[in-house]
Amino acid sequence: MNTETNNPKAVIVIFGATGDLAKRKLYPSIHRLYHSGKLGDQFAVVGVGRRPWSHEDLRAVVKESVSSDDEAEAKIEEFSSHFYYHDFDVSSPASYQSLNTLLAGLEDTYSIPNNRMFYLAMAPEFFGTIAKFLKSEGVSKTTGWSRLVIEKPFGHDLPSAKTLNEEIRDAFSEDQIYRIDHYLGKQMVQNIEVIRFANAIFEPLWTNRYISNIQITSSESLGVEDRARYYESSGALRDMVQNHMLQMVALLAMEPPIKLNTEEIRSEKRKALRALRPFSKDEVDQFFVRGQYDAGTVDGNLVPSYLEEQNVDPNSNTETFVAGKLLIDNFRWAGVPFYIRTGKRLEKKSTQIVVQFKDIPMNLYYGNGNSMHPNLLVIHIQPDEGITLHLNARKLDGGTYAKPIKLDYQTNYNDIMNTPEAYEKLIHDCLLGDATNFAHWDEVALSWNFVDPISEKWAENKTLKPNYPAGSMGPKEADQLLEKDGYHWWNI
Ligand code: BG6
């Protein structure tokens with residue numbers, strides 16, 4: 001990978017320091033990097049926000065957000081002393097000038113070379129403005145490195161994403177821009193490449209000759225929570241499919257890169273996304289299913305329908321569930337459907353990939369009610385992390401027929417506790433200058449290009465009604481999508 005040094009020294013500037021993401025993910029992740037020694041003492045974090053907080057206010061929030069980590073109070077105190085707050089007005093040049101002065105002072109105090117990471121964890125309408133002022137006021141002009149990390153949503157469709165990209169590219173070059181897709185920081189998503197490219201038994205089989213279909217499910221049991229203002233204009237298609245789901249498709253479908261470096265991996269992912277068969281608006285209903293949750297029971301609790309959630313339009317046409325059949329038109333994948341499904345208020349929180357292999361040409365073990373089970377490779381992304389291979393074997397119980405058995409590799413609880421969180425890995429990668437697990441502009445553009453006709457069609461056709469009870473696995477049409485092809489979802 002393209003890393004510079006293993007001991008990053010930088011100032012991390014977080015725009016949106018008073019927000020939820022900063023508290024829930026960013027501060028704990030930076031703390032874990034510090035705790036594990038991946039971040040030495042030569043760093044500072046500047047929280048930027050509109051509220052008139054003091055350094056002490058920010059430090060109190062930081063301490064609270066990391067207090068569940070098992071560490072002595074003194075160490076947490078020391079960690080939080082690296083945090084500084086800067087209140088600002090997003091469109092006032094003076095705010096950026098004073099930020100620049102603060103950063104220069106901190107670089108002095110902590111002997112940090114002029115390296116700066118700007119993390120935009122706030123509403124996307126400000127991304128362009130912030131990038132512009134960081135450049136015009138000289139904040140991003142450093143003698144070391146200067147990088148911009150951007151949270152999603154990256155636009156709302158291809159035209160808006162292009163506009164945003166142009167605004168940002170006026171101030172930062174592509175190799176300075178790190179577009180976060182936190183799924184790419186997940187341990188088992190990163191493992192897709194290893195499973196594929198480090199195993200002689202999988203790579204030769206990884207084609208339409210041996211695989212019948214691939215299923216990716218990312219289900220959530222939570223509802224929209226307090227994010228309806230954002231989610232109402234996003235829906236599951238933009239929130240999950242355009243980014244996380246398509247990124248997983250690209251990793252599963254791409255050709256082996258000639259080297260494991262950023263450029264080569266991105267180049268293969270780009271090709272896979274380019275090979276995705278585009279659907280016209282007229283074809284959408286044939287390949288995509290949308291859903292919206294009705295009231296129901298999740299984990300034994302009665303929960304309201306989407307339409308009854310706070311800040312949701314009672315006539316909302318927003319989908320909280322999407323299932324789709326994707327086709328990849330290249331030699332390797334022609335004829336193999338990639339089924340994806342994601343939604344809120346489903347039965348459980350789980351992300352997994354099931355690779356279903358083709359049946360063997362003749363079943364010698366058929367009979368006496370024994371039908372053969374197809375071979376499956378299941379990649380468990382979360383909450384379990386591991387892989388399971390479903391095989392057929394004769395059980396040692398005296399029977400004659402083949403029975404399904406499982407070879408299971410799951411990381412144990414201790415491993416999971418010590419596994420870096422997605423954000424922790426990604427922040428560390430960015431500090432080291434490794435952009436492999438961030439989305440390149442081309443990937444973002446290709447993904448919007450694919451989903452835009454679907455969202456246009458659904459926006460025109462405002463007929464969506466609640467069509468699956470909370471706590472189920474989505475509308476029945478999602479099952480029919482596979483049944484038409486002679487398959488079914490593996491709920492493993
Ligand atoms: C986010 C979406 O990108 O991913 C959320 O905006 C969703 O709506 C979340 O809940 C799911 O992430 P994870 O890591 O919990 O599967």
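The structure this text deals with has already been given above.
Small disclaimer: the values here were computed from a predicted structure and weren't measured.

A. Spotlight on the pattern of salt bridges. In the structure shown here, the tally under the stated rule is 24 salt bridges. We note a salt bridge from Lys-63 to Glu-77, for which the minimum N-O separation is 3.1 Å. Separated by 14 residues along the polypeptide, Lys-63 in helix 2 (residues 55–66) and Glu-77 in helix 3 (residues 73–80) bring together distant segments of the chain. Lys-63 gets classed as partly exposed once you look at its relative accessible area, which sits at 24%. Across the pair Glu-220 and Lys-344 runs a salt bridge whose closest N-O atoms are separated by 3.0 Å.

B. Structural context of the sheet that holds strand 17 (residues 402–410). Spatially, eight strands are ordered 8-12-13-7-14-15-16-17 in an open sheet, and the strand pairing comes out mixed. The open sheet has two edge strands with one neighbour each: strand 8 (288–291) and strand 17. Across the sheet, the mean angle from the axis of one strand to that of its neighbour is 15°, orientation sign disregarded. Helix 14 (residues 441–460) rests against strand 8 and strand 12 (321–326) of the sheet, and its axis sits at about 55° to strand 8. Packing against the sheet, helix 15 (residues 476–483) makes contact with strand 7 (211–219), strand 8, strand 12 and strand 13 (338–343), and its axis sits at approximately 10° to strand 12.

C. Molecular detail of the sheet that holds strand 3 (residues 83–87). A sheet is described by the order of its strands in space; here six strands give the open sequence 3-2-1-4-5-6, paired in parallel fashion. With one partner strand each, in any of the chains shown, strand 3 and strand 6 (177–179) form the two edges of the open sheet. Taking each pair of neighbouring strands and ignoring which way they run, the sheet shows an average axis angle of 20°. Inspection of the sheet shows strand 5 (residues 146–150) paired to strand 6 by three bridges, in the parallel sense.

D. Local environment of the pairing of strand 8. Side chains Phe-288 and Arg-290 project from strand 8 onto one buried face, and the interleaved Val-289 and Gly-291 project onto a second face that is buried too. Pairing analysis gives four bridges linking strand 8 to strand 12, with the strands arranged antiparallel. Across the sheet, the residue bridging to Val-289 is Ala-323, located in strand 12.

E. Highlighting the site of the ligand. In the region of the ligand, the neighbouring residues are Lys-152, His-182, Tyr-183, Lys-186, Glu-220, Arg-227, Asp-239, Met-240, His-244, Lys-344, Lys-349 and Gln-382. Take Tyr-183: an N or O atom from its side chain is 2.5 Å from an oxygen atom of the ligand. In this structure, Arg-227 approaches the ligand through a side-chain N or O atom, which is 2.8 Å from an oxygen atom. Coverage of the ligand by the protein amounts to 81% of the 400 Å² it exposes when considered alone. Considering every element that reaches the shell around the ligand, the biggest residue donor is helix 9 (residues 235–253), with three residues. Here the shell around the ligand is composed, by residue class, of two nonpolar, three polar and seven charged.

F. Just helix 6 (residues 158–171), in detail. Over its 14 residues, helix 6 extends 20 Å from the first C-alpha to the last, a length consistent with the 20 Å expected when each residue adds 1.5 Å. Listing the buried residues of helix 6 in full gives Leu-158, Ala-161, Leu-164, Asn-165, Ile-168 and Ala-171. One side of helix 6 holds all its buried residues, which, seen down the axis, span an arc of 140°. Summarising the geometry of helix 6, the exposed residues directed more than 90 degrees from the buried face are Pro-159, Glu-166 and Asp-170. Check the buried side of helix 6 and you find it contacts helix 5 (127–136), strand 5, strand 6 and helix 14.

G. Structural view of the nonpolar core. Core analysis: the largest hydrophobic core is formed by 109 residues, its most contacted members being Phe-15, Phe-288, Phe-338 and Ile-353. The dominant element in this core, judged by the number of residues it contributes, is helix 9, at 12 residues. If we ignore the near neighbours within four places in the chain, the residues touching Phe-338 are Ile-214, Val-249, Leu-252, Ala-253, Gly-324, Lys-325, Leu-326, Ile-328 and Trp-333. Among the nonpolar cores identified, the runner-up in size contains 37 residues, and Ile-14, Ala-22, Tyr-27 and Tyr-85 belong to it.

H. Geometry of the side chain of Arg-290. With respect to the helices and strands, the residue Arg-290 is situated in strand 8. In terms of polar contacts, Arg-290 uses its side chain to reach the backbone carbonyl oxygen of Trp-458, at 3.4 Å. Polar contacts involving the side chain of Arg-290 include one to the main-chain carbonyl oxygen of Asn-461, which spans 2.6 Å. Look past the residues within four positions of Arg-290 in its chain and what remains in contact with it is Asn-317, Glu-319, Phe-321, Trp-458, Asn-461, Thr-463, Leu-464, Asn-467 and Pro-475.

I. Molecular detail of helix 5. Taken together, the buried positions of helix 5 are occupied by Phe-127, Gly-128, Ile-130, Ala-131, Phe-133 and Leu-134. Buried residues along helix 5 sit against strand 1 (10–15), helix 4 (93–109), strand 4 (116–120), strand 5 and helix 6. Among the residues trailing helix 5, Gly-138 stands out with phi positive, at a value near 75°.

J. Representation of the environment of Arg-266. With respect to the helices and strands, Arg-266 occurs in helix 10 (residues 262–274). Each C-alpha atom of the pair Arg-266 and Leu-251 lies 9.7 Å from the other, and the pair is 15 residues apart in sequence. Setting aside residues no more than four positions away along its own chain, Arg-266 makes contact with Ala-435, Phe-438, Ala-439, His-440 and Glu-443. A polar contact is formed between the side chain of Arg-266 and the backbone oxygen of Ala-435, at a distance of 3.0 Å.

K. Region of interest: the packing of helix 5 against helix 6. Contact pair helix 5 / helix 6: the axes reach a minimum separation of 8 Å and the direction vectors enclose 15°. Compared by their axis directions, helix 5 and helix 6 come out roughly parallel. Considering how the two elements wind past one another, helix 5 and helix 6 form a crossing that is left-handed. Taken together, the residues of helix 6 that come into contact with helix 5 (itself represented by Phe-127, Gly-128, Ala-131, Lys-132 and Lys-135) are Leu-164, Glu-167, Ile-168, Asp-170 and Ala-171. Per-class residue counts for the contact of helix 5 with helix 6 are five nonpolar, one polar and four charged.

L. Here's a closer look at the packing of helix 6 against helix 14. Between helix 6 and helix 14, the shortest axis-to-axis distance is 9 Å and the interhelical angle comes to 160°. One way to sum up the angle between helix 6 and helix 14 is to call them roughly antiparallel. Mapping the contact onto sequence places Leu-158, Pro-159, Ala-161, Lys-162 and Asn-165 in helix 6 and Trp-441, Ala-445, Trp-448, Asn-449 and Asp-452 in helix 14. The residue inventory of the contact of helix 6 with helix 14, partitioned by class, reads six nonpolar, two polar and two charged.

Reading the values: the criteria
Residues numbered from 1 in each chain as written. Predicted model: local features only at pLDDT ≥ 70, side-chain atom pairs only at ≥ 80, totals over all residues. Heavy atoms only, no water. Salt bridge = Lys/Arg side-chain N within 4 Å of Asp/Glu carboxyl O. Helix = DSSP H or I, 4+ residues; strand = E, 2+ residues; numbered from the N terminus. Buried < 20%, exposed > 50% of the residue type's maximum accessible area, 1.4 Å probe, protein only. Pairing = 2+ DSSP bridges. Axes fitted to C-alpha atoms, helices over the stretch in contact; angles between N-to-C directions. Contact = heavy atoms within 4.5 Å. Near = heavy atom within 4 Å. Polar contact = N/O pair within 3.5 Å; in protein donor to acceptor, adjacent residues only side chain to side chain. Areas by Shrake-Rupley, 256 points an atom, 1.4 Å probe, with all protein chains shown as cover. Nonpolar A, V, L, I, M, F, W, Y, C, P; charged D, E, K, R; others polar. Expected span 1.5 Å × (residues − 1). Arc of directions from axis to C-beta. Core = buried A, V, L, I, M, F, W, Y, C linked by side-chain atoms within 4.5 Å. Parallel < 35°, antiparallel > 145°, perpendicular 65-115°, else oblique. Left-handed = near helix turned anticlockwise from the far one by under 90°.

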